[in-house]
Amino acid sequence: MTADGQWLTFLALLLPFAAAAIAPALTRALHHNAAWVLAIAPALIFLHFTGFVGPVSDGETLTGGYAWIPSLSVDFSWFLDGLSVTFALLISGIGTLIVLYAGGYLKGHEHQGRFFSFILMFMGSMLGLVVADSFLTLFVFWELTSITSFLLIGFDHSREASRRAALQALVVTGLGGLSLLAGLLVIWSATGVNSMSALLATESVLRDAPLYMAALLLILGGAFTKSAQFPFHFWLPNAMEAPTPVSAYLHSATMVKAGVYLLMRLNPVLGDTAAWETILPLFGGTTLLVGTLLAVRQTDLKLMLAYTTVASLGLLVMLTGVGSEKAVEAAVLYLVAHSMFKGALFMVAGLVDHESGTRDVTKLGGLRTAMPITFTAAVLAAASMGGVPLFFGFLAKEEIYAGLGFANGWTTMLTLVALAGNGLMFAIGFAVALKPFLGAKVETPKHAHEGPILLWLGPVVLGALGLVSALFSGVSHELVSSPMSSAVLGEAVTVTISTIPHIGMPLALSVVTVALGVLVFVMLGQGRAAMAGILNAIGWGPDKGFDQVMRGLTRVSFSVTNLIQNGRLDYYMTATFIAVAAAVLIPMGLYGEWPAVPSMPRMPFYEWTVLLIALIGLGAVIYARDRLTAIVSLGIQGFSVALIFMLLGAPDLSFTQFMVETLSVVILALVMTRLRLSPTDHRPTGEKVMDVAVAGTCGAALGLMLLRVTQVPFNSELSDFFTQYSRVLAHGRNIVNVILVDFRGTDTLGEIAVVMIAGLAILALVRVRSVKPIASKNGEG
Amino acid sequence: MEAALAFVVSVFFAVAIYLMLSKHIIRILLGVSIFGNAVNLSIFTAGRLMREVPPIIPEALQTPDSAIANPLPQALVLTAIVISFSLFAFLLVLAFRAYQELGTDDTDGMRVAEPEGEPLPPLGY
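Every value quoted in this text rests on a predicted model; they were computed, and no experiment measured them.

Colleague: Account for the interface of chain A and chain B, with residues named and values stated.
Modeller: Facing 121 residues of chain A, the contacting portion of chain B comprises 98 residues. The junction of chain A with chain B conceals about 9800 Å² of combined surface from both sides, 71% of it contributed by carbon and sulfur atoms. Where chain A meets chain B, there are three salt bridges. The salt bridge partner of Glu687(A) is Lys23(B), with a shortest N-O separation of 3.7 Å. Put simply, chain A and chain B have 19 residue pairs in polar contact (both at pLDDT 80 or more) between them. Of the residues assigned to the side of chain A that touches chain B, the class counts are 68 nonpolar, 28 polar and 25 charged.

Colleague: Can you lay out the packing of helix α16 (residues 325-356) of chain A against helix α20 (residues 453-471) of chain A for me, pointing to particular residues and giving the numbers?
Modeller: Residues and elements named next belong to chain A. Two numbers describe how α16 lies on α20: the axes approach to 8 Å, and their chain directions differ by 150°. The pairing of α16 with α20 is recorded here as roughly antiparallel in orientation. The interaxial crossing formed by α16 with α20 has left-handed handedness. For the pair formed by α16 and α20, the contact residues are Met340, Gly343, Ala344, Met347, Val348, Leu351, His354 and Glu355 on the first element and Leu455, Trp456, Gly458, Pro459, Leu462, Gly463, Leu465, Gly466 and Ser469 on the second.

Colleague: Just give me the short version of a nonpolar patch on the surface, but keep the residues and values in it.
Modeller: Residue and element names in this part refer to chain A. Judged by side-chain polarity, Leu30, Trp36, Val37, Ile40, Leu44, Phe46, Leu47 and Ile453 come together as a nonpolar surface patch covering roughly 700 Å² of accessible area. The set of elements that each furnish at least two residues to the nonpolar patch consists of α2 (34-38) and α3 (40-57). Top contributing element to the nonpolar patch by residue count: α3, with four residues. Along the chain, Val37 falls in helix α2.

Colleague: Could you give an account of the pattern of salt bridges, naming the residues involved and the relevant values?
Modeller: Evaluation of the coordinates by the stated rule reveals 17 salt bridges over all chains. Put simply, Arg159(A) and Asp156(A) hold a salt bridge, and the shortest N to O gap is 2.9 Å. Overall, Arg159(A) belongs to the partly exposed group, its relative accessible area being 34%. Residue Asp156(A) is classed as partly exposed on the basis of its relative accessible area of 30%. Its salt-bridge partner being Glu101(B), residue Arg97(B) comes within 3.3 Å of it at the nearest N-O pair. One end of the pair is Arg97(B) and the other is Glu101(B), both in helix α3 (residues 71-102) and four residues apart, which spans about a single turn.

Colleague: A description of the confidence of the model for chain B should follow, citing residues and the corresponding values.
Modeller: All names here are of chain B. In the predicted model, chain B carries a mean pLDDT of 88, and the fraction of residues at 70 or more is 100%. When mean pLDDT is taken per element in chain B, helix α1 (residues 2-20) scores highest with 94 and α3 scores lowest with 90. Across the assembled chains, the prediction reports ipTM 0.93 with pTM 0.78.

Colleague: Can you break down the UniProt feature "transmembrane region" (unreviewed entry) in chain B residue by residue, with the values?
Modeller: Residue and element names in this part refer to chain B. Those residues carrying the UniProt feature "transmembrane region" (unreviewed entry) are residues 6-21, 28-46 and 75-96 in this numbering. Taken end to end, residues 28-46 has its terminal C-alpha atoms 27 Å apart, with 100% of it in helix and 0% in strand. Span residues 75-96 is 100% helix and 0% strand, its end C-alpha atoms 32 Å apart.

Rules used throughout
Residues numbered from 1 in each chain as written. Chains lettered and ligands numbered in written order. Predicted model: local features only at pLDDT ≥ 70, side-chain atom pairs only at ≥ 80, totals over all residues. Heavy atoms only, no water. Contact = heavy atoms within 4.5 Å. Buried area = accessible area lost by both parts, 1.4 Å probe. Salt bridge = Lys/Arg side-chain N within 4 Å of Asp/Glu carboxyl O. Polar contact = N/O pair within 3.5 Å; in protein donor to acceptor, adjacent residues only side chain to side chain. Nonpolar A, V, L, I, M, F, W, Y, C, P; charged D, E, K, R; others polar. Axes fitted to C-alpha atoms, helices over the stretch in contact; angles between N-to-C directions. Helix = DSSP H or I, 4+ residues; strand = E, 2+ residues; numbered from the N terminus. Parallel < 35°, antiparallel > 145°, perpendicular 65-115°, else oblique. Left-handed = near helix turned anticlockwise from the far one by under 90°. Patch = residues over 30% accessible without salt bridge, like charges linked within 9 Å, V, L, I, M, F, W, Y side chains within 5 Å. Areas by Shrake-Rupley, 256 points an atom, 1.4 Å probe, with all protein chains shown as cover. Buried < 20%, exposed > 50% of the residue type's maximum accessible area, 1.4 Å probe, protein only. pLDDT = per-residue confidence, 0-100. UniProt positions renumbered as here; feature names shortened; annotations may be inferred.

Written out as structure tokens, the structure reads:
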């Protein structure tokens with residue numbers, strides 16, 4: 001790859017973020033027309049990535065990047081093959097249409113600029129995710145998509161439902177992201193490589209590694225949450241709280257496919273094992289059935305589409321799990337088809353909602369004359385979704401049936417699941433595309449008419465593309481389907497399916513699907529009532545479970561907080577001093593550093609007397625029953641300390657201590673005249689014993705530590721330095737003073753500052769009086 | 001000598017901590033004051049003790065000609081005395097004002113910042 005190409009790809013990855021940065025200012029200047037300008041960014045990216053289609057379809061892979069944290073061998077790097085280029089084209093291509101659509105959809109919204117900014121940031125994150133080569137790059141972009149998705153779902157943050165949905169999506173996909181990170185680290189340690197391109201070159205090293213199962217389960221944790229597989233599917237329908245451009249872009253065409261992307265990316269190294277071929281179809285198939293059945297229950301256009309998206313993701317996971325050549329080709333075709341038709345249908349749903357004021361399918365009808373363009377786009381998209389011949393969805397469906405077949409019981413079951421799912425999706429797709437437009441005209445909250453070009457451009461282009469890409473299936477297979485399938489399978493394959501129907505098993509199954517779909521479509525009302533009855537009977541789902549878990553978390557953390565931080569000072573003090581005693585005693589015990597038993601110190605009697613007086617003063621403080629005794633005994637111990645300093649060669653300390661103790665006693669006396677000393681200690685005996693034990697242990701611990709310290713050889717280096725240079729350098733004879741005002745002058749300045757701040761704080765405390773007592777229940781003090 | 005002071009220091013600490021574990025704010029303050037002395041004495045003792053020879057260089061000399069008391073812990077303790085006095089004075093006034101405002105000198109009654117029986121935080125979103 002040329003240096004220029006490197007640069008351009010790097011710029012293409014940065015461009016969405018740059019566009020996001022200017023979006024608010026641009027929107028302030030141009031209002032909704034800023035969309036036309038902002039859409040240039042994804043359009044340029046789309047053009048840039050089309051340049052790779054040629055080389056990639058020839059079987060080349062391109063890598064590039066920069067060293068990010070070389071000491072940890074972490075790079076910012078990208079890797080382009082059929083899979084990532086197809087995803088990049090989908091993201092930038094649909095992104096262009098979505099930016100335009102958002103320009104019309106949120107026209108006049110006060111935060112439209114912010115919305116553009118978020119959606120462009122998402123685009124950059126998603127683009128980075130699918131082209132990422134190094135694991136860390138992948139993880140960072142993966143989490144960025146979760147975060148931008150959170151911002152977009154919660155865009156309308158004044159509604160509680162939006163906030164809940166945003167948080168739910170973040171919690172579920174964020175937890176999945178952690179699982180992914182753990183999985184990638186396991187792969188790193190099992191194979192010794194930390195980039196996709198290198199991992200794909202290791203072939204079956206990972207499959208044979210003892211950590212294979214751990215890696216697989218952790219990766220699946222990430223993929224299943226992101227791609228909304230049962231039982232993590234619940235966040236996706238809730239994410240429909242977001243404005244419709246977000247639903248169309250993130251929650252159908254791109255972000256939710258990140259999990260499928262990851263599975264496809266790792267298929268060559270993780271796939272082709274019994275676990276892979278069991279777990280994936282099991283969860284995918286369940287998701288497919290649950291998704292379609294829940295979709296039947298809905299009347300909201302967006303929710304109907306959301307549940308079919310869940311179902312489609314299940315189908316993709318199931319096909320990826322089956323892993324045969326045909327199944328993977330089917331997954332690839334269906335993924336591309338789904339991005340086009342589902343994106344279009346979401347935009348149609350938003351358009352109908354925008355123009356008529358409702359998206360409840362039971363309150364809509366007869367819009368075909370008012371909104372002919374929208375109707376056309378809807379029918380085109382639904383035809384692809386339903387798998388009608390001549391549309392791209394048809395190719396996907398033929399390939400699905402060809403890939404599953406009836407070879408044994410397991411694939412027969414999967415075929416039946418796919419059949420049921422596809423039939424139901426056919427019905428839902430046409431219900432969304434036809435019900436609002438056909439039949440008698442129904443009065444809607446707003447007088448419906450065709451939307452502006454910004455709104456219908458996207459669905460029309462995507463709908464038409466579903467037809468064109470199938471008619472020219474040779475070209476689309478050569479440029480997109482075959483390279484992508486080859487990348488997923490890890491070997492070169494050619495997709496050949498075309499729109500010309502072949503008589504055979506897949507076609508027969510397609511006919512059955514359509515028949516089933518038409519049947520469900522006709523009976524949709526009854527089906528909806530039946531599903532509603534069943535769901536009411538069950539009455540619990542993972543969505544409710546999420547609330548229960550979140551509430552439980554709040555309760556648990558509340559009680560833990562109450563336990564640890566219960567607002568009782570004595571409790572805190574006890575805990576603190578127990579910790580101090582433990583911190584001193586446990587290491588001494590562990591390392592056997594107990595002090596030696598000292599011999600009886602030989603001291604003159606006056607020193608003993610001073611120490612004794614200090615101890616008496618301490619005892620008197622404890623037993624003081626009135627203020628005078630307390631003040632006097634506090635003074636006794638303070639002055640004894642001053643005497644100790646005096647006797648031990650520290651006259652400066654002694655004078656300061658005398659002064660400070662005198663001042664303390666004076667201030668204490670002033671305050672004590674207002675504040676009574678309780679004559680008795682209120683503590684019950686049990687508490688007293690406990691406190692004595694804590695205080696005694698802690699005091700003994702600190703004393704023992706001091707004794708031990710005095711028993712080791714003394715390092716007098718620093719003291720000698722000050723002694724040597726006090727006169728020579730600083731011209732002072734009193735070494736203590738020289739240290740304070742010269743050698744450590746700034747420390748003394750700090751000390752003065754502390755004294756000043758304390759003085760100011762005291763002044764403020766004395767001067768400032770609240771108008772009302774803080775705690776009115778306690779009355780005036 | 002150090003052993004005797006180590007014993008005295010441990011009694012200082014024990015008494016200070018015992019007073020600080022009380023619920024009465026005035027006793028806690030007495031404890032804080034004694035605690036400061038305990039810390040100062042232990043720093044002083046840790047620097048080793050020397051009787052009656054202050055760290056002062058005689059007029060005629062550039063460096064002391066005989067052993068002197070360790071000046072470094074003295075400098076540290078001098079700073080610490082002043083700081084602990086500032087803290088004590090501040091706490092005293094704070095306690096007094098708290099008593100005036102709240103009408104109690106019992107720490108169990110001083111629950112403005114962490115009220116008793118606080119309700120669960122909102123469980124919504």
